[in-house]
Amino acid sequence: MPEGHSIHRLARQFNSVFSGRRLEVSSPQGRFAAGAARLDGHVLVNAEAHGKQLFLAFDNDLFLRIHLGLYGAFDFGGDSSFLGASSIGAPRKVGEREIASDDDGVAYAGPPVPKGAVRVRMVSPNGWADLRGPTACEVITEAEKSAVVARLGPDPLQDGADSAEFSARLRRRGSPVGLLLMNQEILAGVGNVYRAEVLFRQRLSPWRLGKAVGEDEAAALWADIVKVMNDGVAQGRIITTLPADRQSDDEPVPREDAHYVYQRTGLPCRKCGTTVAGTEMGARKLYWCPVCQAR
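Residues numbered from 1 in each chain as written. Predicted model: local features only at pLDDT ≥ 70, side-chain atom pairs only at ≥ 80, totals over all residues. Heavy atoms only, no water.

**Structural notes on the overall build of the chain**
Assigned secondary structure in the chain consists of 7 helices and 12 strands. Expressed along its principal axes, the backbone C-alpha trace of the chain runs to roughly 55 × 45 × 30 Å. Out of the 295 residues in the chain, the part that is buried amounts to 51%. Nonlocal contacts in the chain, meaning residues at least 24 apart in sequence, comprise 59% of its contacts between residues at least 6 apart. Carbon and sulfur atoms form 48% of the exposed surface of the chain, whose accessible area is close to 13500 Å². The positive charge centre, built from 36 side chains, and the negative charge centre, built from 35, are 7 Å apart in the chain. (Helix = DSSP H or I, 4+ residues; strand = E, 2+ residues; numbered from the N terminus. Buried < 20%, exposed > 50% of the residue type's maximum accessible area, 1.4 Å probe, protein only. Contact = heavy atoms within 4.5 Å. Areas by Shrake-Rupley, 256 points an atom, 1.4 Å probe, with all protein chains shown as cover. Lys, Arg positive; Asp, Glu negative; His and termini not counted. Charge placed at Lys NZ, Arg CZ, Asp CG, Glu CD.)

**What about the packing of helix H4 (residues 163-171) against helix H7 (residues 215-235)?**
When two helices pack together, their arrangement is given by the angle between the helix axes and the distance between those axes. Taken N-terminus to C-terminus, the directions of H4 and H7 make an angle of 125 degrees; their axes are 9 Å apart at the nearest point. Taken as axis vectors, H4 and H7 run oblique relative to one another. Judged by the sense of rotation from one axis to the other, the crossing of H4 with H7 is right-handed. On H7, the residues touching Ser163, Phe166, Ser167, Leu170 and Arg171 of H4 are Glu215, Ala218, Leu221 and Trp222. (Axes fitted to C-alpha atoms, helices over the stretch in contact; angles between N-to-C directions. Parallel < 35°, antiparallel > 145°, perpendicular 65-115°, else oblique. Left-handed = near helix turned anticlockwise from the far one by under 90°.)

**Regarding the packing of aromatic side chains**
Per the counting criterion, the structure on display carries 8 aromatic pairs. For the pair phenylalanine 74 and phenylalanine 76, a centre-to-centre distance of 5.9 Å together with 25 degrees between the ring planes defines the contact as stacked. The buried category is assigned to phenylalanine 74, whose relative accessible area is 0%. Judged by its relative accessible area of 6%, phenylalanine 76 is buried. Between tryptophan 207 and tryptophan 288, the aromatic rings sit 4.7 Å apart at their centres with planes inclined by 75 degrees, giving edge-to-face as the arrangement. Within this pair, whereas tryptophan 207 is found in the loop between helix H6 (192-201) and H7, its partner tryptophan 288 is found in strand S12 (residues 284-288), the two being separated by 81 residues in sequence. By relative accessible area, tryptophan 207 is classed as partly exposed at 24%. (Phe/Tyr/Trp six-rings, centres within 6.5 Å; stacked < 30°, edge-to-face > 60°.)

**A short note on the side chain of serine 248**
Mapped onto the elements, serine 248 comes out in the loop between H7 and strand S11 (277-281). In terms of polar contacts, serine 248 uses its side chain to reach the backbone amide nitrogen of aspartate 250, at 2.9 Å. If near-sequence neighbours (up to four positions away) are discounted, serine 248 is found in contact with Pro254 and Asp257. (Polar contact = N/O pair within 3.5 Å; in protein donor to acceptor, adjacent residues only side chain to side chain.)

**Re the environment of arginine 171**
With respect to the element layout, arginine 171 can be found in helix H4. The class for arginine 171 is partly exposed, based on a relative accessible area of 32%. When near neighbours in sequence (up to four residues on either side) are disregarded, arginine 171 contacts Gly210, Lys211, Val213, Gly214, Glu215 and Ala218. Within the structure, the side chain of arginine 171 is placed 2.8 Å from the backbone oxygen of valine 213, a separation counted as a polar contact.

**With respect to the packing of H6 against H7**
Taken N-terminus to C-terminus, the directions of H6 and H7 make an angle of 130 degrees; their axes are 10 Å apart at the nearest point. Judged by the inter-axis angle, H6 sits oblique to H7. The two elements H6 and H7 meet at a crossing, and its hand is right-handed. Residues Tyr194, Val198 and Arg201 of H6 pack against Leu221, Asp224, Ile225, Lys227, Val228, Met229 and Gly232 of H7.

**Here's the deal with the environment of asparagine 183**
Residue position: asparagine 183 is located in the loop between helix H5 (177-180) and H6. Among the residues examined, asparagine 183 registers a relative accessible area of 23% and is labelled partly exposed. Each C-alpha atom, one on asparagine 183 and one on glycine 266, is 27 Å from the other, the two residues being 83 residues apart in sequence.

**Considering the sheet that holds strand S3 (residues 53-58)**
What links the strands of a sheet is backbone hydrogen bonding, and the strands pair in either a parallel or an antiparallel sense. Strand order in the open sheet made by the 4 strands is S2-S3-S4-S10, with antiparallel pairing throughout. A single partner strand is all that each edge strand has here, and the edge strands are strand S2 (44-50) and strand S10 (136-141). Neighbour to neighbour, the strand axes of the sheet diverge by 20 degrees on average, direction disregarded. Bridge count between S3 and strand S4 (residues 62-67): 5 bridges; the pairing is antiparallel. Among the inter-strand pairings, leucine 56 is bridged to a residue of S4, identified as leucine 64. Running at roughly 170 degrees to S2, helix H1 (residues 4-17) makes contact with S2 and S3 of the sheet. Each of S2, S3, S4 and S10 is contacted by helix H3 (residues 142-150), which is oriented at about 125 degrees to S10, the strand it contacts most. (Pairing = 2+ DSSP bridges.)

In structure tokens:
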């Protein structure tokens, strides 16, 4: 499932290539035909992200709310103004991905024939975006958008996000911190990769109860989440290791050097050499070092 940094990159992509432009909105698949009709012919005013939620604001005071879920993904294409990623999302059996666009020198001749189950297609004079496989895709009002955001915790990638609010929400709970970081009512945007990696970086056991996390520990955890997620926005991928902890000096950082514990079950911990462990927590895979993150 795409984590918060990918959704913020999506918002940035939409603002770059579609903001201020009148869009043709359709549903080639047909499942979103009624919603598309409410947005077709209107101008995209702004795109913003809160956690894993993407909100596209149009000039008729309506919003397109999208949650990519496990399998949702956007594909982009167009003329030379459509620079950046050509695909952002989490296609089935692939995992989170971002594929850079290639300028093949061919003049833009309009969007291609839709392939597969395209839930929403948005087209401007300069390019197009196709959405497939989202968990949520609906047209909502500003009041409904506010209600969605009100249910979410603070987003570490938003300017002015409240670290004190995160600390209070985390430390009042009697559930393991490994579960709480995945709870979007506690913290918006963190998924399985960031969950595993920041807990390792902060040497916190995933089984430590939220109410047993000290105030200073919660503040340090928040600061580290802000750092690595902003790095993810800048880099277009999740890299949490420091150069000294990698086996290679290659750039870009090889996938096998990008993480401390995520998907490294059975391999030696980069810090202490102990075998990285894996189990399930909250129906998701959990990775940790039993020594560095002792209970």
